[in-house]
Protein chains: 4
Amino acid sequence: MISNPVPWPNGARCACVISFDMDADSLIHIARSKDSHDRLYPISMGRYGPTVAVPRILETYRRLGIKQSFFVPGWCIETYPDAVEAILTGGHEIGHHGYLHEDPIDAPDQSAWFEKALEAHHKYCGGTPSGYRAPVYNINQEVLDLLVEHGFRYDSSMMADDIPYRIETSKGQLWEMPVHWGTDDWPPFAHYSEIGYMMPVAGPSKGLSGFWEEFDAAYDAGGFFMLIVHPFLTGRLARWKHVETWLEETLNTKDVWFARLDEIADHLDQVVASGAYVPRREVLPYYTAPIGHTE
Amino acid sequence: MISNPVPWPNGARCACVISFDMDADSLIHIARSKDSHDRLYPISMGRYGPTVAVPRILETYRRLGIKQSFFVPGWCIETYPDAVEAILTGGHEIGHHGYLHEDPIDAPDQSAWFEKALEAHHKYCGGTPSGYRAPVYNINQEVLDLLVEHGFRYDSSMMADDIPYRIETSKGQLWEMPVHWGTDDWPPFAHYSEIGYMMPVAGPSKGLSGFWEEFDAAYDAGGFFMLIVHPFLTGRLARWKHVETWLEETLNTKDVWFARLDEIADHLDQVVASGAYVPRREVLPYYTAPIGHTE
Amino acid sequence: MISNPVPWPNGARCACVISFDMDADSLIHIARSKDSHDRLYPISMGRYGPTVAVPRILETYRRLGIKQSFFVPGWCIETYPDAVEAILTGGHEIGHHGYLHEDPIDAPDQSAWFEKALEAHHKYCGGTPSGYRAPVYNINQEVLDLLVEHGFRYDSSMMADDIPYRIETSKGQLWEMPVHWGTDDWPPFAHYSEIGYMMPVAGPSKGLSGFWEEFDAAYDAGGFFMLIVHPFLTGRLARWKHVETWLEETLNTKDVWFARLDEIADHLDQVVASGAYVPRREVLPYYTAPIGHTE
Amino acid sequence: MISNPVPWPNGARCACVISFDMDADSLIHIARSKDSHDRLYPISMGRYGPTVAVPRILETYRRLGIKQSFFVPGWCIETYPDAVEAILTGGHEIGHHGYLHEDPIDAPDQSAWFEKALEAHHKYCGGTPSGYRAPVYNINQEVLDLLVEHGFRYDSSMMADDIPYRIETSKGQLWEMPVHWGTDDWPPFAHYSEIGYMMPVAGPSKGLSGFWEEFDAAYDAGGFFMLIVHPFLTGRLARWKHVETWLEETLNTKDVWFARLDEIADHLDQVVASGAYVPRREVLPYYTAPIGHTE
């Protein structure tokens, strides 16, 4: 059902990424900036991520021998350096995820926020990241240009395909590692009135079951399976136990390639360079002016 | 449980329509007209429809040998001519679905929008369509009059029955091909904060399971089963795989008639003309002035 | 688990009521009074109730030989006299449900609305009804006084117990036939943006399964099981098929008493008069002034 | 999966608390203070808690021989003294839960509310409670200081870990008994438009199934399992029957320690004093000024 499946390394039938956005308590600070510092419940809900969930997740990855991708807002990098160090020590990748999880569409002067986050990456992570994921996926043309300008190799905020595709702008190119609400843990698990996100909270196995069906379909089609999940949600004890069990079973019984997104970008560059693969291209900007009947 | 079941062709027990509303990114442009052109995530979510999902859906239909109905806003016809051509080449029908998915209740001067969409149909689809579905189902009396005036044969926006019924106005008549929230994919799958539609996103099999129960009931009653679904939601990889499997099983094991809505209108005209069937009638307008205690 | 179970007639273990609120399109008229008359989709969604669902429901009741309770706003009685006549002809009861489904808490001059609805009952139903259910359950003290004043025998809008209980005010007494969100069909099936009620729409069997669990618990405890459902939701084809199947199985395999609420009030009066039962009492008004720290 | 499991008494594998917040009708009074006294439906929904559900719950606890923790707003203590007496007579604990369920973040002069609730505890419960849970979990620094000042031994409003942890401030220390949305009954069961909390209402077994999965994970990890539930929701007939069945099965087949939170605080103090356990510490305040780019 995928018209141009990627030839994955060693003939693997599916590439798999469990990508974590470690937003911690940035979410409450950007949403309620006046008094968020005194909102101890949402702060504590977010802190669970870097302090409890990330060590748990990293231990699973270490035991299973897989490397994965994390996206961390710059302010979280500065505030939770131990979690950042543990992620990097484990051989994982940290991508750009804004500074304080600010929505690019809402945040004036996106360039300043973007650069401030980049400084945190330079200081704590040893350089410019390879990839970017927009907070709440809200990438815009300005950010896309910033990515190209700073030499980013991929974005992971858009939904125009099931598998990685090529984004081309007049300034340069990027890989798009596409996201999807069906593999995001906000719909099944987020219950966060302060940011207006009140989902009914599925039980662990039920909330995750849709993800595994998405994997089954991607696997059958020789595709790309990526979870977009959060340590403070999917890294909770009961949920992560289910994910870990699924990881073990999948590694034991399926022919998949678990990889970091930058490794997947490497591989894509290689198969394109060798002529083994022609990716789908999306040329941007899609539009340069408002759409509609007032035109 | 249906008091006046339609005699379907060749004694089929149920008429079946998988109707797709290919809205693409019109939804974000009408909802956020000021800056939608820079909102790359919802644009990309919508573009998945014409570029990835529609070819997939058409391939399934081609393989299974069925023709179905699509509703496409005029702006989408102009913006995605390749998808439109592929739909038409496959022998499918394209109905009127507004110009930019504007809600008729909210859009002043509905007539201008309506005509503008009609121009797109004339230019790209070869004539006036047979059918209409109101964006967000919000048909009003003005649009109904426009449909009659332009010779449309059916509307598909209302819910007054389980099976097709006759709409009669002082200006003329139409078939109503009734919709229902229980066979619409927005409730199980739409997660779209920009348009205020935040459903918890069911897993593929769970989200679709209600549809199949609706079919079972329609089949038992000798009725009419229509899905109102969207390429960017139900045309996603894992969901469409489930629909395809259901289509194959249903075609193999049930006595059903998969048809385009205009073909169903043809059939209805015929059984009415032959006296084999007397349809239920709804006379409109229902009301000519506001209802209530201020009368 | 019920401390004072009612002794039901003939030793039945549970009293059962499938109570229908036939609101038809009153809901859109009270919510959007300016232009509701031109909103054809929600009107048609509501009309499904009196024209398609009610005949279906009545046929099931006729076949199974049970009499049940309907609540119908006065305006709906006037607008859908055929449905009203069919309900009454079937031996069912019609209770007071406001005039245009106006929320008593929001509607100024509740008395005028109440009397206007009463006129419709007198004209079409042959007298003052025995029972009342407040639109959106929002009964207040003024309405309670009106009920007592007009000789109503029961209300069905409150939730203070699992089984019928006695409401006592300084002006008189009533039976309360208690409702509960766990046996109401708005949470599983209502998807109605115009009135701000956007539930994710469960599949038929899943949406109804909670009701049957509620019955099982009521049956085990020797209690009272009442559904609060709507023809345009639960009277839809696939859902009603499930309810009908449940009714048949329950009638065949359980020792239950299906009855109208006024019959249940009769029985309660009788067991109280005979000394066989002492009901729980709630004395109202609960409060006579605002509660809080400003007192 | 828990890095520092607590050694529970007698080698039990998991500590278990079914904590009930008996909010009764305080919720409507704080949300709609102008006319809440006349809103009989939400009042009755809340009254179900102290009058019907609490006696049922206490009977289960008595029969099974377990003591648990309740949190009751001060106004509810004054308004429902019989329920309070029954809880205390059963050997259970009553913690501080605000005065009228006021959200500390929204309520000016938190100290006055806090003291007023404390007076109710002194008058009806025989002294200062050991524990506190913030209404809607919204504890802030001022309340934390009040807890330390009044000698409270634990809070139960935050989410920074799976198991109890130590909160340290410059003024003193407390145990935190952490909460989580995955073990709270508002997401599966709350349907309360007056307070803006419209969940789709899961069936009893489905709504509770996530809780039992959370227990399974806590049990496997040697952790801490706490439900945060409400008599007017989880104390309803069908739901409580499921909880009771689970309690019986768990007591019969698992090695768990059901205890009051103050008993758990005792045990924690003891294992810390003996050197058998070193708890995780969170030092507060987390922040002393607003966070963000305006710094």
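Residue numbering note: each chain is counted from 1, following its sequence as written. Lettering of chains starts at A and numbering of ligands starts at 1, both following the order in which they are written. Owing to the predicted nature of the model, reporting of local features is limited to residues with pLDDT of at least 70; listing and counting of side-chain atom pairs is limited to 80 or more, with chain, interface and lining totals taken over all residues. To obtain the side-chain values, all non-hydrogen atoms of the structure were included, while hydrogens and water were left out.

(A) Quick look at the overall build of chain A. Strands here are runs of E lasting at least two residues and helices are runs of H or I lasting at least four, both read from the DSSP assignment and numbered beginning at the N terminus. Each helix and strand in chain A was counted, giving 11 helices and 12 strands. Relative to a compact globule of 295 residues, whose C-alpha radius of gyration would be 19 Å, chain A shows 19 Å and is just as compact. Its C-alpha atoms put chain A at 55 × 50 × 45 Å along the principal axes. Burial here depends on accessible area, computed with a 1.4 Å probe over protein chains only, as a share of the maximum for the residue type. Under 20% is buried, over 50% is exposed, and the range in between is partly exposed. For chain A, buried positions account for 67% of its 295 residues. Any two residues whose heavy atoms approach within 4.5 Å are treated as being in contact. In chain A, 71% of the contacts between residues at least 6 apart in sequence involve partners at least 24 apart. Of the charged side chains in chain A, 23 are positive and 41 negative; the average position of the first set lies 5 Å away from that of the second. For the radius of gyration, the atoms used are the C-alpha atoms, and the globule rule reads 2.2 Å times the number of residues raised to 0.38. In this tally, Asp and Glu contribute negative charge and Lys and Arg positive charge; neither His nor the terminal groups of the chain are included. Just so you know, the charge point we use is NZ for Lys, CZ for Arg, CG for Asp and CD for Glu.

(B) Layout of the confidence of the model for chain A. Scored by pLDDT, chain A has a mean of 97; 99% of the residues are at 70 or more. Scored by ipTM, the complex comes to 0.97, with pTM at 0.97. Residue-level confidence of the predictor is summarised by pLDDT, bounded by 0 at the bottom and 100 at the top.

(C) Quick look at the relation of the copies chain D and chain A. In the superposition of chain D on chain A (RMSD 0.0 Å, axial shift 0.0 Å), the rotation amounts to 90°. Expressed as an axis order, the relation between the two copies is that of a four-fold axis. Rotation axis and chain D: the residue whose C-alpha lies nearest the axis is P200 of chain D, separated from it by 5.1 Å. When the interface residues of chain D are mapped onto chain A, a mere 6% of them are again interface residues, pointing to distinct binding faces. Copy-to-copy superposition: least squares on the C-alpha atoms, limited to residues that have pLDDT of at least 70 in both copies.

(D) View of the packing of helix α8 (residues 204-221) of chain C against helix α10 (residues 237-253) of chain C. Residue and element names in this part refer to chain C. Simply put, an axis is a line fit to the C-alpha atoms, just over the touching stretch for a helix, and the angle between two N-to-C directions goes from 0 to 180 degrees. Two numbers describe how α8 lies on α10: the axes approach to 9 Å, and their chain directions differ by 30°. Regarding the angle of α8 to α10, the classification is roughly parallel. Relative to α10, the crossing made by α8 is right-handed. Of α10, the residues touching α8 (which contributes P204, S205, L208, W212 and F215) are A238, R239, H242, V243, W246 and T250. Angular relationships are summarised with four words: roughly parallel below 35 degrees, roughly antiparallel beyond 145, roughly perpendicular across 65 to 115, and oblique for the angles in between. Two helices that cross are described as forming a left-handed crossing if the nearer one is turned anticlockwise from the farther one by less than a right angle, and a right-handed crossing if clockwise.

(E) How the structure looks around a positive patch on the surface. Together, K206 of chain A, K206 of chain B, K206 of chain C together with K206 of chain D line one region of the surface with positive charge. Accessibility expressed as a relative area gives 35% for K206 of chain C, which makes it partly exposed. Like-charged residues are merged into a patch within 9 Å and nonpolar side chains (Val, Leu, Ile, Met, Phe, Trp, Tyr) within 5 Å, provided each residue has over 30% relative accessible area and no salt bridge. Areas reported as accessible are Shrake-Rupley estimates using a 1.4 Å probe. Residue values count occlusion only from the protein chains shown. Between Lys or Arg on one side and Asp or Glu on the other, a salt bridge is scored when a side-chain nitrogen of the former is within 4 Å of a carboxyl oxygen of the latter.

(F) Quick look at the interface of chain A and chain B. With 47 residues of chain A in contact, the opposing surface of chain B contributes 45 residues. Among the residues chain A hides against chain B, the three largest losses belong to M1, Y287 and I291 of chain A. Together they make up 20% of the total. For the salt bridge of E282 of chain A with R47 of chain B, the shortest nitrogen-to-oxygen distance reads 2.8 Å. In protein, a polar contact requires one atom able to donate a hydrogen and another able to accept it; more generally it is a pair of N or O atoms within 3.5 Å, and residues adjacent in sequence count only if both atoms are side-chain atoms. Between chain A and chain B we count 15 residue pairs in polar contact (both at pLDDT 80 or more) in total. Those elements that place two or more of their residues in the side of chain A that touches chain B are α6 (141-149), α7 (186-189) and α8 (204-221) of chain A. Examining the composition of the side of chain A that touches chain B, we find that nine residues originate from one element, α8 of chain A, more than from any other. The term buried area refers to how much accessible surface (probe radius 1.4 Å) is lost by two components on association, counted for both of them together.

(G) Summary view of the packing of helix α5 (residues 110-125) of chain D against helix α6 (residues 141-149) of chain D. All names here are of chain D. Their axes nearest at 10 Å, the elements α5 and α6 cross at an angle of 40°. Classed by the angle they form, the pair α5 and α6 counts as oblique. Of the two elements, α5 crosses α6, and the hand of that crossing is right-handed. For the pair α5 and α6, the contacting residues are Q110, S111, F114 and E115 in the first and E142, V143, L146 and L147 in the second. In the scheme used here, Gly and all other residues not listed as nonpolar or charged are polar, with Ala, Val, Leu, Ile, Met, Phe, Trp, Tyr, Cys and Pro taken as nonpolar and Asp, Glu, Lys and Arg as charged. Taken together, the residues of the contact of α5 with α6 break down into four nonpolar, two polar and two charged.

(H) Representation of the arrangement of the chains. Across the gap from chain A to chain C, with no contact made, the nearest C-alpha atoms are 10 Å apart. The two units chain B and chain D remain apart, with a minimum C-alpha distance of 10 Å.

(I) View of the interface of chain D and chain A. Tallying the contact residues gives 47 residues for chain D and 44 residues for chain A. Summing both sides of the interface, chain D and chain A together bury roughly 3,700 Å²; the carbon and sulfur share of this comes to 62%. Three residues, M1, Y287 and I291 of chain D, lead the burial of chain D against chain A; their summed loss comes to 20% of the area buried on that side. Put simply, chain D and chain A have four salt bridges between them. Joining chain D to chain A, the criterion identifies 15 residue pairs in polar contact (both at pLDDT 80 or more). Those elements that provide at least two residues to the side of chain D that touches chain A are α6, α7 (186-189) and α8 (204-220) of chain D. The element that contributes the greatest number of residues to the side of chain D that touches chain A is α8 of chain D, accounting for eight residues. By residue class, the composition of the side of chain D that touches chain A is 27 nonpolar, 10 polar and 10 charged.

(J) Just the relation of the copies chain A and chain B, in detail. Mapping chain A onto chain B leaves a residual RMSD of 0.0 Å; the transformation is a rotation of 90° accompanied by 0.0 Å of translation along its axis. The overlap is low: 6% of the interface residues of chain A also sit at the interface in chain B, so different surfaces are used on the two sides.

(K) Summary view of the pattern of salt bridges. Here the structure, examined in full by the defined rule, presents 64 salt bridges over all chains. For the salt bridge of R280 of chain A with D161 of chain A, the shortest nitrogen-to-oxygen distance reads 2.8 Å. Placement of the pair is R280 of chain A in the loop between α11 (261-273) and β12 (281-283) and D161 of chain A in the loop between β5 (154-155) and β6 (165-169), with a sequence separation of 119 residues. For D161 of chain A, a relative accessible area of 6% translates into the label buried. The partner of E59 of chain D in a salt bridge is R62 of chain D, with the nearest N and O atoms 2.9 Å apart. In this pair, E59 of chain D and R62 of chain D are both assigned in helix α2 (residues 40-64), three residues apart and thus about one turn of the helix distant. Here the salt bridges share partners, and the residues they tie into one network are R47 of chain A together with D161, R280 and E282 of chain D.

(L) Spotlight on the side chain of E213 of chain B. Tracing the backbone shows E213 of chain B in helix α8 (residues 204-220). Despite its burial, E213 of chain B remains without a salt bridge, the nearest opposite charge being carried by K241 of chain C at 8.2 Å. Side chain to side chain, E213 of chain B and H242 of chain C meet in a polar contact 3.4 Å long. Aside from chain neighbours lying at most four places away, what touches E213 of chain B is G203, P204, S205, A238 and H242 of chain C.

(M) Fine view of the side chain of Q68 of chain A. All names here are of chain A. Positionally, Q68 belongs in the loop between α2 (40-64) and β2 (69-72). A residue is classified by how much of its surface remains accessible, and Q68, at 0% relative accessible area, is buried. A distance of 3.3 Å separates a polar atom in the side chain of Q68 from the backbone oxygen of A259. If we skip the residues at most four places from it in the chain, Q68 touches C16, V17, I18, Y61, H92, E93, F258, A259 and R260.

(N) Inspection of unusual backbone geometry at higher detail. All names here are of chain A. Along the chain, L284 connects to P285 via a cis peptide bond; the corresponding omega equals 0°. Among the secondary structure elements, P285 is positioned in the segment after β12. Backbone geometry at N10 places phi at a positive 55°, although glycine is not the residue there. Among the secondary structure elements, N10 is positioned in the segment before β1 (14-21). Its relative accessible area of 80% is what places N10 among the exposed residues.

(O) Just the environment of Q173 of chain D, in detail. All names here are of chain D. Relative to the helices and strands, Q173 is located in strand β7 (residues 172-176). Residue Q173 is classed as partly exposed on the basis of its relative accessible area, which comes to 41%. Placed 45 residues apart in sequence, Q173 and T128 show a C-alpha to C-alpha distance of 17 Å. When near neighbours in sequence (up to four residues on either side) are disregarded, Q173 contacts R166, I167 and E168. Separated by 2.7 Å, the side chains of Q173 and R166 make a polar contact.

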